[in-house]
Amino acid sequence: MKVFLIGMMGSGKSFWKQRLSAKLKTGGYDLDSIIESVEEHSVSELFAEGGEASFRKTEAKLLRWFGEKKSFVLATGGGTPCFHQNMEWMNQQGITIWLDEPVEVLVERLLPEMNQRPLLKNCTSDELESFIQKKLIERSHYYSQAKIRLTGTQINLKNLIANIK
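On a predicted model such as this, the values are computed, not experimentally measured, just so you know.

K.L.:
Quick one: what's the story with the pairing of strand S1 (residues 2-6), residue by residue and with numbers?
P.N.:
Taken across its 5 residues, S1 has 5 buried, putting it largely inside the fold. Residues of S1 alternate between two faces, with Lys-2, Phe-4 and Ile-6 on one and Val-3 and Leu-5 on the opposite face, all of them buried. Here S1 pairs with strand S3 (residues 72-75) via 4 bridges, running parallel. When the sheet's bridge partners are listed, Lys-2 is paired in S3 with Phe-72. The pairing of S1 with strand S4 (residues 95-100) spans 4 bridges and is parallel. Its bridge partner lying in S4, Val-3 is registered against Ile-95.

K.L.:
An account of the packing of aromatic side chains is requested, with residue identities and associated values reported.
P.N.:
In this structure the tally under the stated criterion is 8 aromatic pairs. Each ring, one from Phe-15 and one from Trp-16, has its centre 4.8 Å from the other, and the planes form 90°; the classification is edge-to-face. With centroids separated by 5.4 Å and ring planes inclined at 65°, the aromatic side chains of Tyr-29 and Phe-66 adopt a geometry described as edge-to-face. Of this pair, Tyr-29 sits in strand S2 (residues 27-30) while Phe-66 is found in the loop between helix H3 (43-64) and S3, placing the two residues 37 residues apart along the sequence. One aromatic cluster is present, built from ring pairs that chain together Phe-4, Tyr-29, Trp-65, Phe-66, Phe-72 and Trp-89. A cation over an aromatic ring shows up here: Arg-19 above the ring of Phe-15, its NZ or CZ 3.6 Å from the ring centre.

K.L.:
Describe the sheet that holds S1, with residues and values.
P.N.:
Spatially, the 5 strands line up as an open sheet ordered S2-S3-S1-S4-S5, and their pairing is parallel. Looking at the sheet topology across the chains shown, the edges are occupied by S2 and strand S5 (148-151). On average, each strand axis in the sheet is tilted by 20° relative to the strand beside it, whichever way the strands run. Relative to S5, S4 runs parallel, the two being bridged by 4 bridges. Note on S5: the bridge partner recorded for Leu-99 is Leu-150.

Basis of the calculations
Residues numbered from 1 in each chain as written. Predicted model: local features only at pLDDT ≥ 70, side-chain atom pairs only at ≥ 80, totals over all residues. Heavy atoms only, no water. Buried < 20%, exposed > 50% of the residue type's maximum accessible area, 1.4 Å probe, protein only. Helix = DSSP H or I, 4+ residues; strand = E, 2+ residues; numbered from the N terminus. Pairing = 2+ DSSP bridges. Phe/Tyr/Trp six-rings, centres within 6.5 Å; stacked < 30°, edge-to-face > 60°. Lys NZ or Arg CZ within 6 Å of the ring centre and 35° of its normal. Axes fitted to C-alpha atoms, helices over the stretch in contact; angles between N-to-C directions.

Put into structure tokens, the structure is as follows:
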């Protein structure tokens, strides 16, 4: 079983990856962590050094590595589905789940960690909500191609398991 968790930064992909992979007794991976390990630089450093285009190329290459694995839960980056036909590829490989949290929840979660997020680095706390809304509008076309969409209070382990099976 191949499960890809997609959604905006702050939607809980890494959190639910841990719980879901434990419940399914399979490997749980975080694509950004894998990129950092392979590239030996943080995502922020990669964005700063090579720009977003270079980062997205590396991201797509490492995402494709999961085509060789039989079973896993993968927390993707927020932008992963939006580049290099990644969404189409993930849908061909396994189950895609869009964790669709309300903008207010995303803002609350992201405020304390804005400095660690490359796309939020130049954003002030006052601009965060409008930035998130704009990004969500840009990305919704890709996210909406997910096989499963869970919103707000629907996002829990019971519903994740039920929708996968």
